[in-house]
Amino acid sequence: MSDTVIEIPSRPNIITSLVRRIPPLRKWKFGLVLSVSYIVVLTFLAVFANVLPFVRRYNVLPKGAEARRLASYRGKPSSEYWFGNDKLGRDTFARSVYAAQKTLTIGLASIVAALVIGGLLGMLAGYYRGWYDRVLSVIFDVLLAFPAIVLALIVVGRFFQGGRLNLGVFEMDKRFFGVIVVLTLLSIAPLARIVRAQTLSLSQREYVLAARGLGASSWRILVREILPNLLPAMFSVAFTGLAVLLVAEGGLAFLGFSVQLPFPTWGFMINEARSDLTKGGGWAVFFPCVLLFLTVLAFNVIGDRVARRFDIREATL
Amino acid sequence: MTAPINRPQEGTLLELRNLRTHFSTARGVVRAVDGVSFTLDRGKSLGIVGESGSGKTILARSIMGLLPKRGTIRHGEVLYAGQDLASLGLKGMRKFWGQEMSMIFQDPMTSLNPLMRIGHQISEPLRVHLDMDKVNARATALKLLQDVGIPEPEKRLDQYPHELSGGMRQRAMIAIALACGPTLLFADEPTTALDVTVQAQILDLIQDQRRDRNMSVILVTHDLGVVAGHTDEIAVMYAGTLAEKASTTELFANRKHPYTEALLRSIPRLDQPSHTRLLAIGGRPPDLITPPTGCRFAPRCPYAEDKCRAEIPELEAASADHSFACWHPVGSPRWQSKQDELVSTGVLSASGGIA
Amino acid sequence: MRYFAQRFLQLVVVFLIVTFVTMVAIQAASKDPARDLAGPLNSTEARVEEIRKHYHLDRAYPIRYAYWLKNLVTVDLGNSPTLGASVRTLVGQRAPITLLLGLYSIVLALAISLPVAVYAAYRRDGPFDRFISGATFAAVSLPNIILAVLLGYFFATRWRIFPYAASKIWPWDNPGEHFKNVALPTVTLAVGLVAIFVRLLRSDLVNTLQSDFIVMARAKGLSPARILWRHALRSSLFSLMTSVALQFGGILGGAVVAEQIFALPGMGLLLFQAVQQKDLLVVQACAALFALAVVIINFAVDMLYAVVDPRIRHARALG
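Here the structure is a predicted model, which means the values were calculated and not measured.

1. Looking at the overall build of chain A
At step 1: Counting secondary structure elements, chain A contains 11 helices and two strands.
At step 2: N-terminal to C-terminal, the α/β element order of chain A is α-α-α-α-α-α-β-β-α-α-α-α-α.
At step 3: A separation of at least 24 residues holds for 72% of the contacts in chain A among residues at least 6 apart in sequence.
At step 4: Carbon and sulfur atoms make up 66% of the accessible area of chain A, which amounts to about 15,200 Å² in all.

Structure, rendered in C-alpha cells:
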C-alpha cells in the first residue's frame, strides 16, 4: 500500500539471460482451449436461455403427483432433469443457466465499468502525480477500507425497493443495477492502483519523454503513448478481475445482498440449498458450486495466459 | 590469517583441459566456452581479455563451477591443485567457494546484498567456513576493511551498501572475497562499473593483495589497458576459444594472432601522433550457436584464406611462454604480403598506425 | 519522520471519510433513522422523538457526525434496539473473535506459504513447483462460500470432527475448545490467502534468485538454506507485505461469510444481523472498526517496509 516505489536493482545477470526459461508447458495451452470453450458454451446457454428448447421449466413448481415423484428421487440428476432438482422440485439445470445469465452480466458490466473508471483515475494519478495523486490515493484508500458488506447494504439498500430503473436506453431491475454499482466500487481501487503504478513507470520511458520534448499535449501523450501500452495489462486484469468479482458476487448473493428471486445467482442457489445437504439435497448444492468454481477457474486461466503472453508480472488484485 | 599451513608456494595451481561449457536454450546450443586449455601457476596472475560475448565471464564461472545447473553442459577437466573439480559435486564445491577460490564481481551495487550490513556480509563466510564467533568475525572483518583501504572502517561495518561510494563498495567486495584467504581469486571486470580515477586504485589493490597473500589471480576484462600493467600473463579469448596466450610483455611486444593485433590497434597509443584514427574491427562476433567452421575469426580477419575458413587452427606453443591459434600469424609471409597491400592502398601507414 | 507523519495523517483522513460516508449513506438510506433506532417494539411517537433528539437526528449531517465522533472518543455509541444492549458491549464482545480469526488465518497462511514458496522457487519448474502452481491456481479460484459449505458439510456434519454451531470460547478459558471452534472458519479464510501468498512470494523469489548478489552469496560458499532464508527471502517480501495489507479488507469481508456459515458470534455476524435489522448504530460502529483495522494494518505494513529495507529507511529519514 506504500506509494513509494523503490526500484530494487535486479539486473538479470548474463547467465540467467542466456539460460532461457523452459518453453511454457503444453498442458497450459490445453487448459486455455478448455477454458475458452467452457466460457463460450456457458455464454451461449446464458444468452439463448429463453429460446433453447432444453432450458425449460425455469421457475416452475411441479404439483401433485409429479412433486411427490421428484421428491422420491431426492433431487438426483435424470434424463429429464439434468442437474436434478431442489426440494421444491425446481429444475436445477434451468435455474443454473438463468443464474449464469445474471452472474455473467453482473460480472461483465462491473468489470468494464471498473476498468474504465479505475483506469482513467489511475492514469491521471500516475501521470500528473502531485495533488491529483494525493487526492486520488486517499479516495482509493477509502474505497479499500470500506467493508464490502456495508457498501452492499448502502447501495443495494437504496435500490432495495425493487421496480425498474430507467436509464434511457437501458432499463433494468434496480437491485440488479445496485449490485453492479457495489462490485464496480469494490474493484475500482485495486484496478486504479495497478494502472497508476504502470503509468508511473511508463511515463518515465524515453519515448514518452521524447513526445513531451516534441511538445505533444498531455492528453495526446496519455491517449497515444501511454494508453496503448497499458492495454495488455488491463486486458489481462480484466479476466482475473472478472474471476474475483464472480467470487465476490457469490459471497454477496450467499448473504442475500445480491439480486433476489425470481433471479437467483449461483451464490444464492448454494445458500438456498445448503440446509438440505444432509437431507439428500446435495445435487442442488453441488451443481451451482461446480459451475461457479469452473467459471472462476476458467477466467483465471485465461487471465493468466494473457498475462504470460504479454509478459506481465502477477498483479496484486 | 587462517590460511592452510602447508600451502605450497610454487608449482601449477590450476590446469584446464579442453574445457567446454554449452548452454541449451530455446534457439539451440550456445557454445559459450568451446575447448579452452591453459595452466596457471601459484602466485601468478592471468588476464583473460575478450570482447563482450567472447565467453570470458562464462569461462571464469565454469572454472569456479558457479553456473546454474539447469541447461548447462560442461565437458573437459578443471584440475585444481591436481584435483578434478567436476568430481567434487556441489557440496564439495561449496567448501572451495569462498575458502579456496573466491570472486569479485563487476557491479558492486548489485552484487552486494542491499539489505545486509557490510560487516555482516564480510563476516558471513568467516563464520560459515572458519567457525569464528561473532566477536572474532567482526574483528577480522574490521582488519579486512583496513587491508583494502576503506576510510573509517569501524563505521563502515554497520553501514549498508547504498551508503558507500562506488569505489568503497568495490573495496568492500574485495574484502569479502579475501575474507577466508583464498588461493585463487577471480576478478570479473572489477573496474567496469567504477569511475576511471578509481579503476587504477582497485587494480593496484588487487595486485598488492595478491603479492601479500601469494594468491593466484584471474582477471577477466574487455580492456587490454587494464591487464597491461597488472598481470603476468594474458590470454586473448575470441568466440569461446583462446586465440593467443603469452606473458604480458611478450604479448605486447610480439603479438601473433591477427585478432590480438586488431585489438591493440583499437587502443590509442601515446607514441602515435594525436588524432590518429583507431582501427575498428569490422563485422560482429560470431553467433555462438552456429560458429563458423574453421578459424572463428576468419570472417573478420583481413588475412584469411580458404584454409582458415575450413580448418580449425589449434592453440600451439611457439615458445615457452607464447602460444597462439592461427594459420597465418603476424609476421608470416601471407600476413606480410597483405600488410604491404594495405599500406600501398593507404589504409595503413608504414608505422603500423592508420594513415 | 516527516514521511511517517504524512502517512499517518493521510490514514486519519481516510478513516474520517469512511466513517462519515458510512453514516450519511446509512442514515440517508433509511426512511426515518429515528424510527429504526427506536426499534420495532416500543415505537411510540414520543419515544421516536426522544430518540431523534438524543442522537441529534434532527441536525445536519456534519453536526450529527461531530456528535458521533465525540461519542466515539468516549466509547459511548448508544444502544442497539434489537439486541437490547449498548453498542459498546456488543462490539466489545464480538470484535476480539473476528480479530483473532483474522490473525489466525494470516499466521496460518504465512506459516504454510513461506516454506512452500521458498522450496518451489528453489526447485523452480521441478515437480513440486508444478504441483504447487496448479494447486494454488485451483485454490485461488475456489470461492470461500464453496469452501466453507464443503468444510462444514464434511468436517462438522458428516465426520463431526469440529463443531458446527460454534460458540464463543476464549482462548484463555479453554484453548482446546477455542481452537476447535475457530478451526473451520480459520481454514476457510486461510486457503485463499495461502494460494495468493505462495504465488506472489514464489514469483518474487524466482526474480531475486536471479540477481547478482545471490551469485555472490553462492561464490562465498554459503549453503542453499542460508542463501534462501537469509539473503533471498528478505528482498522478496515486499509484494507479500503489500498483499497482506491489501487482503486484510478482504479477510474481514470473508469473515462475515465464514462467521455466518459456522455461526461464529464475531463482528461479521453482528454486522450481518445489524444490517438485516437496520440497527444503524451497530452498523456504523462495525464499519468504523473495520475501517480502523484496515487503516492500522496499512500503516503497520508501511512502517515494516522501512524495517525490512534500509534504503527506504534512509530515503524517508531524509524526506
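2. Points about the overall build of chain C
At step 1: A count of helices and strands for chain C gives 14 helices and two strands.
At step 2: C-alpha atoms of chain C, sized along the principal axes, occupy 80 × 60 × 35 Å.
At step 3: A separation of at least 24 residues holds for 71% of the contacts in chain C among residues at least 6 apart in sequence.
At step 4: A gap of 9 Å separates the mean positions of the 30 positive and 17 negative side-chain charges of chain C.

3. Quick look at the interface of chain B and chain C
At step 1: Listed by partner, the interface residues are 32 residues for chain B and 24 residues for chain C.
At step 2: Taken together, the two surfaces of chain B and chain C that pack against each other cover about 2,500 Å², and 57% of this comes from carbon and sulfur.
At step 3: By the criterion of area lost to chain C, the three top residues of chain B are Arg94(B), Leu115(B) and Glu124(B), representing 25% of everything that side buries.
At step 4: Between chain B and chain C we count two salt bridges in total.
At step 5: Between chain B and chain C we count 11 residue pairs in polar contact (both at pLDDT 80 or more) in total.
At step 6: Sorting the residues of the side of chain B that touches chain C by element identifies α1 (56-64), α2 (89-96), β6 (101-104), α3 (108-111), α4 (118-130) and α7 (166-178) of chain B as the ones contributing at least two each.

4. Topic: the UniProt feature "transmembrane region" (unreviewed entry) in chain C
Residue and element names in this part refer to chain C.
At step 1: The positions that UniProt labels "transmembrane region" (unreviewed entry) are, in the present scheme, residues 97-122, 134-156, 182-201, 237-262 and 282-308.
At step 2: Across residues 182-201 one finds 100% helix and 0% strand; the C-alpha atoms that close the span lie 27 Å apart.
At step 3: Secondary structure over residues 282-308 splits into 100% helix and 0% strand, and the C-alpha atoms at its two ends are 39 Å apart.

5. Remarks on a nonpolar patch on the surface
Residue and element names in this part refer to chain A.
At step 1: Together, Phe44, Val47, Phe48 and Val51 make up an exposed nonpolar region whose accessible area comes to about 390 Å².
At step 2: You can see Phe48 is positioned in the loop between α2 (26-47) and α3 (64-73).
At step 3: Judged by its relative accessible area of 38%, Phe48 is partly exposed.

6. Focus on the UniProt feature "transmembrane region" (unreviewed entry) in chain A
All names here are of chain A.
At step 1: UniProt marks residues 30-52, 106-128, 135-156, 176-195, 230-263 and 283-303 with the feature "transmembrane region" (unreviewed entry), using the numbering shown here.
At step 2: Counted over residues 30-52, helix gives 78% and strand 0%. Its end C-alpha atoms are 29 Å apart.
At step 3: Secondary structure over residues 283-303 splits into 100% helix and 0% strand, and the C-alpha atoms at its two ends are 30 Å apart.

7. Here's the deal with empty space enclosed by the protein
Residues and elements named next belong to chain C.
At step 1: Inspection of every chain in the model, using the stated rule, returns six cavities of 30 Å³ or more.
At step 2: Looking at the largest cavity, it is lined by 14 residues, and the ones nearest its centre are Gln27, Tyr55, Arg64, Trp68 and Leu281.
At step 3: For the lining of the largest cavity, the elements supplying multiple residues, two or more each, are α1 (2-29), α4 (61-73) and α13 (280-308).
At step 4: Of the residues that constitute the lining of the largest cavity, the class distribution is eight nonpolar, five polar and one charged.

8. Side note on the sheet that holds strand β2 (residues 29-41) of chain B
All names here are of chain B.
At step 1: Here four strands make up an open sheet; going across it, the order is β2-β1-β4-β5 and the pairing antiparallel. In this open sheet, the two edge strands, each paired with only one partner strand, are β2 and β5 (83-84).
At step 2: Examined bridge by bridge, strand β1 (residues 12-24) and β2 share 10 bridges and lie antiparallel to one another. Looking at the pairing, Thr12 lines up with Asp41 of β2.
At step 3: Across the sheet, α1 lies against β1, β2 and β4 (72-80), angled at about 115 degrees from β1, the strand it touches most.

9. Considering the interface of chain C and chain A
At step 1: Facing 66 residues of chain C, the contacting portion of chain A comprises 52 residues.
At step 2: Roughly 5,300 Å² is buried in total at the junction of chain C and chain A, and carbon and sulfur atoms are behind 69% of that figure.
At step 3: Of all residues in chain C, Phe137(C), Ile145(C) and Leu246(C) bury the most surface against chain A, accounting for 11% of the area lost on that side.
At step 4: Here chain C and chain A share one salt bridge between them.
At step 5: Here Arg199(C) ties to Asp304(A) by a salt bridge, and the two come within 3.9 Å at their closest N and O atoms.
At step 6: Considering each element in turn, the side of chain C that touches chain A owes the most residues, 14 residues, to α1(C).
At step 7: A per-class count over the side of chain C that touches chain A returns 38 nonpolar, 17 polar and 11 charged.

10. Brief notes about the packing of helix α9 (residues 218-254) of chain A against helix α7 (residues 144-158) of chain C
At step 1: With their axes 8 Å apart at the nearest point, α9(A) and α7(C) run at an angle of 55 degrees to one another. In terms of their interaxial angle, α9(A) and α7(C) are classed as oblique. Side by side, α9(A) and α7(C) meet where Val247(A), Gly250(A), Gly251(A) and Phe254(A) of the first sit next to Asn144(C), Ile145(C) and Val149(C) of the second.

11. What to know about the pairing of strand β3 (residues 45-49) of chain B
Residues and elements named next belong to chain B.
At step 1: Buried residues dominate β3, accounting for five of its five residues.
At step 2: Burial along β3 is two-sided: Ser45, Gly47 and Val49 and Leu46 and Ile48, pointing in opposite directions, are all buried.
At step 3: Two elements, β3 and strand β8 (residues 216-221), share five bridges in a ladder whose sense is parallel. From the neighbouring strand, Leu46 faces β8, where its bridge partner is Ile218.

12. Things to note about the confidence of the model for chain C
At step 1: Averaged over all residues, the pLDDT of chain C equals 86, while 96% of them reach at least 70.
At step 2: Scored by ipTM, the complex comes to 0.86, with pTM at 0.86.

13. Side note on the packing of aromatic side chains
At step 1: As enumerated under the stated definition, the model contains 22 aromatic pairs over all chains in all.
At step 2: Between Tyr127(A) and Tyr128(A), the ring centres sit 5.2 Å apart and the planes meet at 85 degrees, which makes this aromatic pair edge-to-face.
At step 3: The exposure class assigned to Tyr127(A) is buried, which follows from its relative accessible area of 9%.
At step 4: Judged by relative accessible area, which is 35%, Tyr128(A) ranks as partly exposed.
At step 5: Taken together, a centroid distance of 5.1 Å and an interplanar angle of 85 degrees make the contact between Tyr238(B) and Phe297(B) edge-to-face. Of the two residues, Tyr238(B) sits in strand β9 (residues 233-238) while Phe297(B) sits in the loop between α11 (258-265) and α12 (306-310), which places them 59 residues apart along the sequence.
At step 6: An aromatic cluster is present here, built from Tyr153(C), Phe154(C), Phe155(C), Trp159(C) and Phe162(C) joined pairwise through their rings.
At step 7: The lysine or arginine in question, Arg134(A), covers the ring of Trp131(A), its NZ or CZ lying 4.9 Å from the ring centre.
At step 8: Of note, Lys307(B) hangs over the ring of Trp327(B), and the distance from its end group to the ring centre comes to 4.0 Å.

14. Concerning helix α8 (residues 175-208) of chain C
Residues and elements named next belong to chain C.
At step 1: The end-to-end C-alpha separation of α8 is 40 Å, well short of the 50 Å expected for 34 residues at 1.5 Å each.
At step 2: Within α8, the axis deviates most sharply at Ala183, by approximately 45 degrees, and proline Pro185 lies no more than four positions further along.
At step 3: Burial analysis of α8 places 24 of its 34 residues in the buried class, which makes it a mostly covered element.

15. Side note on helix α11 (residues 238-261) of chain C
Residue and element names in this part refer to chain C.
At step 1: The end-to-end C-alpha distance of α11, which contains 24 residues, comes to 34 Å, matching closely the 34 Å that a straight helix rising 1.5 Å per residue would cover.
At step 2: For α11, the principal kink sits at Phe248 and spans about 40 degrees.
At step 3: Most of α11 sits inside the fold, with 18 of its 24 residues counted as buried.
At step 4: The first or second residue beyond α11 is Ala263, which carries a positive phi of 50 degrees.

Cut-offs used in this document
- Residues numbered from 1 in each chain as written.
- Chains lettered and ligands numbered in written order.
- Predicted model: local features only at pLDDT ≥ 70, side-chain atom pairs only at ≥ 80, totals over all residues.
- Heavy atoms only, no water.
- Helix = DSSP H or I, 4+ residues; strand = E, 2+ residues; numbered from the N terminus.
- Contact = heavy atoms within 4.5 Å.
- Areas by Shrake-Rupley, 256 points an atom, 1.4 Å probe, with all protein chains shown as cover.
- Lys, Arg positive; Asp, Glu negative; His and termini not counted.
- Charge placed at Lys NZ, Arg CZ, Asp CG, Glu CD.
- Buried area = accessible area lost by both parts, 1.4 Å probe.
- Salt bridge = Lys/Arg side-chain N within 4 Å of Asp/Glu carboxyl O.
- Polar contact = N/O pair within 3.5 Å; in protein donor to acceptor, adjacent residues only side chain to side chain.
- UniProt positions renumbered as here; feature names shortened; annotations may be inferred.
- Patch = residues over 30% accessible without salt bridge, like charges linked within 9 Å, V, L, I, M, F, W, Y side chains within 5 Å.
- Buried < 20%, exposed > 50% of the residue type's maximum accessible area, 1.4 Å probe, protein only.
- 1 Å grid on protein atoms, 1.4 Å probe; cavity = no way out; pocket = protein on both sides within 12 Å on 5 of 7 lines; lining within 4 Å.
- Points joined across faces, edges and corners; volume = space filled by probe spheres on them.
- Nonpolar A, V, L, I, M, F, W, Y, C, P; charged D, E, K, R; others polar.
- Pairing = 2+ DSSP bridges.
- Axes fitted to C-alpha atoms, helices over the stretch in contact; angles between N-to-C directions.
- Parallel < 35°, antiparallel > 145°, perpendicular 65-115°, else oblique.
- pLDDT = per-residue confidence, 0-100.
- Phe/Tyr/Trp six-rings, centres within 6.5 Å; stacked < 30°, edge-to-face > 60°.
- Lys NZ or Arg CZ within 6 Å of the ring centre and 35° of its normal.
- Expected span 1.5 Å × (residues − 1).
- Bend = angle between axes of the 7 residues up to and from the residue.

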